[in-house]
Amino acid sequence: SFKIEEKERVVLLGINGSGKSTLLKILDALVFPQSGSYFYKGTEIRKKSFKKISRSFRKEVAFLMQDPNMLLFNATVKEEIEFGLRQFGFDDIESRAVDIAKRFGLEKYLETPPFYLSGGEKQRVALASLIAVEPEILLMDEPSANLDPPTTGWLIDLLSEMDITTLISTHNLSLAPEFGDRALVLSHEHRLIFDGRLDAFLGNQELMMKANLLHKHRHRHGSVEHAH
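Each value, and the rule that gives it
Residues numbered from 1 in each chain as written. Predicted model: local features only at pLDDT ≥ 70, side-chain atom pairs only at ≥ 80, totals over all residues. Heavy atoms only, no water. Helix = DSSP H or I, 4+ residues; strand = E, 2+ residues; numbered from the N terminus. Buried < 20%, exposed > 50% of the residue type's maximum accessible area, 1.4 Å probe, protein only. Areas by Shrake-Rupley, 256 points an atom, 1.4 Å probe, with all protein chains shown as cover. Lys, Arg positive; Asp, Glu negative; His and termini not counted. Charge placed at Lys NZ, Arg CZ, Asp CG, Glu CD. Pairing = 2+ DSSP bridges.

Caption draft 1: The arrangement of the overall build of the protein chain in detail. Across its full length, the protein chain holds 9 helices and 10 strands. Principal-axis analysis of the C-alpha atoms gives the protein chain an extent of 70 × 45 × 25 Å. Taking all 228 residues of the protein chain together, 46% fall into the buried category. Split by element, the accessible area of the protein chain, about 12800 Å² in all, is 49% carbon and sulfur. Each charge class in the protein chain can be summarised by its mean position, and for the 29 positive and 32 negative side chains these summaries are 7 Å apart.

Following this line, the structure appears as structure tokens:
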């Protein structure tokens, strides 16, 4: 069990297959738990009753999936950014879309079909479309996976400027401190084995090895063998 407070910046750590993506899908109400309970703002999120709150929930909780192709389906970048704005009844949709495109460095691609773009550019479009509707919570699944170093730096700067709740999954320990200061750590058995300050986890070799995020291996120097 865990609880995330408003405006917290939380990092979700674990090896591939530990359940990070599934947990994020549960928190975004894309799948529903087979056991246990999930509460959002005091309301239990259940499949049978979700339809009653789905509109407000979808506006407030945004989920950037690892594969941006799962989120892009409009004919142009401009229409992609405008889609959520239209769904939620924003005013001045075209000017809002242009403004968000400039913020994300996408203005030259406004009339371009998203499938012509690179992986990193697609991720920018997907994120711009989510941020355009001003969510309160941003869930991100391995957001740096498709990004080159400069774009990763841009993403880190963007997240530091945003005053919203974030839960970001990664297995990149060097980037984790850039994404938050609290860690939730899943084991390969899908158990929550740590919930606390990220720096405390990164300083605990035993816990990191338990999570399989750190390992020992043998190493040879000529006839000398030791371990790293």
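After that view of the structure, there is still more to cover.
Caption draft 2: A look at the pairing of strand β6 (residues 165-170). Burial analysis of β6 places 6 of its 6 residues in the buried class, which makes it a mostly covered element. A two-sided burial pattern is seen for β6, the buried positions comprising Thr165, Leu167 and Ser169 on one face and Thr166, Ile168 and Thr170 on the other. Across 5 bridges, the pairing between strand β1 (residues 9-13) and β6 is parallel. The residue of β6 that forms the bridge with arginine 9 is threonine 166. Here strand β5 (residues 137-141) pairs with β6 via 5 bridges, running parallel.

Caption draft 3: Inspection of the environment of arginine 86 at higher detail. Following the sequence through the fold, arginine 86 ends up in helix α3 (residues 77-87). In this structure arginine 86 comes out as partly exposed when scored by relative accessible area, which is 46%.

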